[in-house]
Amino acid sequence: MRLIAIFVIGPLLFAGTAVVAAPYAAELAHVASADADPIVLPAPENRSVVYAADGTSLAGLHGAFNRDTVPLSVIPEPVINAILAVEDKDFYEHDGVDVSATARAALADVTSGEIEQGGSTITQQLIKNTVLNDDQDVERKIREAALAVRLEDQYEEELGSKKAAKDKILEEYLNRVYFGGGAYGVQAAAEIYWGAPVAFLGYGEAALLASLISSPNNYDPTRSPEVARERRSLALDRMVEEGYLTTSEADGYRDDPLPTARQQVLPPPEDYFVEEVKQQLLNDPRLGETPEERQAALFSGGLEIHTTIDLAAQAQAEQARSLRLPNEPLEVRDPATGELTTTTFDTAIASVEPSTGAVRVMVGGPGFDQVKFNLATQSKNSPGSSFKTFVLATALEQGIVPSDTIKGTGPCEFDNPGGRDYEAENFGNSNGRTTTLTKQTTSSSNCAYLRLGQVVGIENVIETAHRMGIESELVPVLSLPLGSMEVTVLEMASAYATLANEGVHNEPYLIERVTNRAGDTIIEHHTESRRALSRQTARLVTDVLESNVKGGTGTYARPDYPCVDSPVEQPAAGKTGTGQDFKDAYFAGYTPHLATAVWMGSAGETKYEMRGVRGTDRCGYTLVRSVTGGSFPAVIWGEFNTAYHQDREIVAFTDPESTRRGRHIDEDDGLTSRRARSSSSSSSSSSRSRSSGSSSGSSGGSSSAPTPPATVDPGTPPDTQKPPPVTEAPPPVTEPPPPVTEPPPPTTVAG
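Residues numbered from 1 in each chain as written. Predicted model: local features only at pLDDT ≥ 70, side-chain atom pairs only at ≥ 80, totals over all residues. Heavy atoms only, no water.

## Looking at the packing of helix α16 (residues 388-397) against helix α21 (residues 535-551)
Note the cut-off: With axes taken as lines fitted to C-alpha atoms, and helix axes fitted only over the stretch in contact, angles between N-to-C directions fall between 0 and 180 degrees. Helix and strand definitions follow DSSP, with helices as H or I runs of at least four residues and strands as E runs of at least two, each counted in order from the N terminus. Each angle is binned into one of four classes, with values under 35 degrees roughly parallel, values over 145 roughly antiparallel, values of 65 to 115 roughly perpendicular, and all other values oblique. The crossing is said to be left-handed when, going from far helix to near helix, the turn is anticlockwise and less than a right angle, and right-handed when the turn is clockwise. Note on definitions: a residue-residue contact is assigned when non-hydrogen atoms from the two residues lie within 4.5 Å.
Here α16 crosses α21 at 135°, and the two axes come no closer than 9 Å. When the axes of α16 and α21 are compared, the pair comes out oblique. Crossing geometry of α16 relative to α21 is assigned as right-handed. Within the contact between the two elements, α16 uses T389, L392, A393, L396 and E397 and α21 uses T537, L540, V541, V544 and L545.

## Some details on the packing of helix α6 (residues 122-130) against helix α8 (residues 162-176)
Inclusion rule: In this classification, the charged set is Asp, Glu, Lys and Arg, the nonpolar set is Ala, Val, Leu, Ile, Met, Phe, Trp, Tyr, Cys and Pro, and all remaining amino acids, among them Gly, are polar.
α8 packs onto α6 with a crossing angle of 55° between their chain directions and a minimal axis gap of 10 Å. Put simply, α6 runs oblique to α8. Both α6 and α8 take part in a crossing whose hand is left-handed. Facing α6, whose interface residues are I122, T123, Q125, L126 and T130, α8 presents I169, L170, E172, Y173 and R176. When grouped by side-chain class, the residues that make up the contact of α6 with α8 number five nonpolar, three polar and two charged.

## A few points about the sheet that holds strand β1 (residues 48-51)
Our working rule: Strand pairing is assigned whenever DSSP detects at least two bridges linking the two strands.
The five strands are arranged β2-β1-β5-β15-β16 in an open sheet whose pairing can be described as mixed. Looking at which strands have only one partner, the edges of the open sheet turn out to be β2 (57-61) and β16 (521-524). Each strand of the sheet is rotated relative to its neighbour by a mean of 15°, with strand direction disregarded. Looking at chain direction, β1 and strand β5 (residues 304-307) are connected through three bridges and run parallel. Bridge pairing in β5 places V50 opposite I305.

## A look at the nonpolar core
Definition in use: By convention a nonpolar core is built from buried Ala, Val, Leu, Ile, Met, Phe, Trp, Tyr and Cys residues, the set being connected through side-chain atoms within 4.5 Å. Per-residue accessibility, obtained with a 1.4 Å probe over protein chains only, is compared with the maximum for each type, and a residue is labelled buried under 20%, exposed over 50%, and partly exposed between these values.
Counting residues in each nonpolar core, the largest one holds 80 residues, and the members touching the most others are L281, I305, F390, L452, M492 and Y590. Ranked by residues supplied to this core, first place goes to helix α20 (residues 489-500) with nine residues. Filtering out sequence-adjacent residues up to four positions away, M492 remains in contact with P383, S386, F390, I470, V487, Y586, A588 and A597.

## What to know about the sheet that holds strand β18 (residues 573-578)
A sheet is described by the order of its strands in space; here five strands give the open sequence β9-β8-β20-β19-β18, paired in antiparallel fashion. Since the sheet does not close on itself, it has two edges, and those belong to β9 (359-363) and β18, each with one partner. Averaged over all neighbouring strand pairs, the angle between strand axes comes to 10°, with direction disregarded. Bridging between strand β8 (residues 346-352) and β9 involves four bridges; their strand directions are antiparallel. Paired with V352 across the strands is V359, a residue of β9. α20 contacts β8, β9, β18, β19 (584-590) and β20 (595-601) of the sheet and is inclined by roughly 35° relative to β8.

Structure below.
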């Protein structure tokens, strides 16, 4: 057999090592047997790469092995020649074992019974690195040689020629060998030392790579430059000896500068969005049945992970945050101890594409290196009055129209069986008034919306919010319309995207598709739309919220805000929200292109009051005030959306159909037509021409004859139940917090 002739009879007998090899003769015969199982090299651990929506690399994901496998055809000739000259000059000639090299090594090794010198061919090194271990003894060396010859025979039989077999072995080797710095394979090594793909390397770089293989840690040029320079020079000498370079050519490379620092070609996975993608995949059974399988697939499976993030929009959102978020330390009082301390406030931003649900922007905090906790997806905060939108949508689904009037006077008091009465104030202790829902929304009347919540039913409001995209638990308490239950920023962006998509909800998602190293798609997103609101309801809500941006509490959010550079005439709709004692502030809004929610508050466990905060408005003027949703969150929202819509087609919202005349909403009886007021009758939207920019006012309307209520689109059964009167029993005080017996919301709860 060729193996025995080459290995046993040749170098072992020549070195006088027959006695040493004798104990392994039987095993050697078995390894060399044609009946032995085929050699299967384990698949190399390949890093996975996360890509943005435009194909830009976001991050590399890998464990101990930073490797990117490339075909032999991509590896340039200088790299191949340098490594062959240094590691195995007769690679294309021998049959897996270099007899003369092995004999020389055996002479030095046999007396000690251990391996002290090299002599291993590239094929033997491949076998050692993939099938065997690093034990330095004669037994491992014998098995290594036997398996090396078998592998070459096997590949030659499979591929039909010795050249093809050699090319396959060389490709496997070049993609697996370690070069130091955590880089496995020539591609990762080229990136680590030169910040470039291996295809860009020439003879100078190739000589350094070849010199690293025997001892990558000791010859690392970024740590031991003089030693590395000496080893590179030896590699250049080898290439001269093998005829790859002339002496003068080699001399020209000896003084080339060495790498002085390791490069980072792929960004590290230190990013809020990438971390969210990682966590989703680690919990996705399509990646593996067990956590261990999913971990292995993600960090060593060579996956290509294509995501939804829009890098240009992300940069614009971060710029808006950096430009307009107040960052001066503020002296505040610790609510637990009463002691004075200083703090700064943070913001979170999430943007969702209404037509698909794709998450295009995620600003999760001040920076992943500072705070790992994602404020856009993991932190839940009070949305304040931005939650009133769900009450409004519920009312419109039940047949109420924006021109209906409701009492908004304050303070307002509500019965609370089992506890003291629930009393609330309008923002700033405003007396409020009785007026249309549109005007109660643009002034963000607390008392009007608390009453409306009782008319339409808090349970119905919860159902509407869930249909629109709120996933957090919502408890049916009297204060729910004022945002007393906490939600995430991404939930708010997703829910408002439902309005921008005319009542159709698309679940927010981050991952478009995942392919494995073979190019097979193993995960792919398929949008599953569901109607959450009738088209008419969504358009009516949009009409009201557009009025709020034009002339209500959300004017700072206008993309065409006066005095800004390059204003955009893109219509926008949105709602402000302010939490109790100014501890949270929200602006949630949308255009037909994008829905975005902005939150501002404290990032840590302790929530501080945002009073006397100094920043700048849309015009750059100093703004010192207690933070409401209509202040800095709206400023940031407007700054971002003005930039985002610069090069996009201006798309107007679609007008709702005309509605019946407005009526008064009586707390005890629901809608009362006998109190209809002609001044608030007709359509809430009017028949204005949006393309010309004309508008009839916040409530809309004309003196046209009343029309029947708009029908609900198929797929969303209308709520035929009579709106529950305010006298229905409120939830008991034993319900989960915040209970209805909580202190009345202070005057700081507002839009």
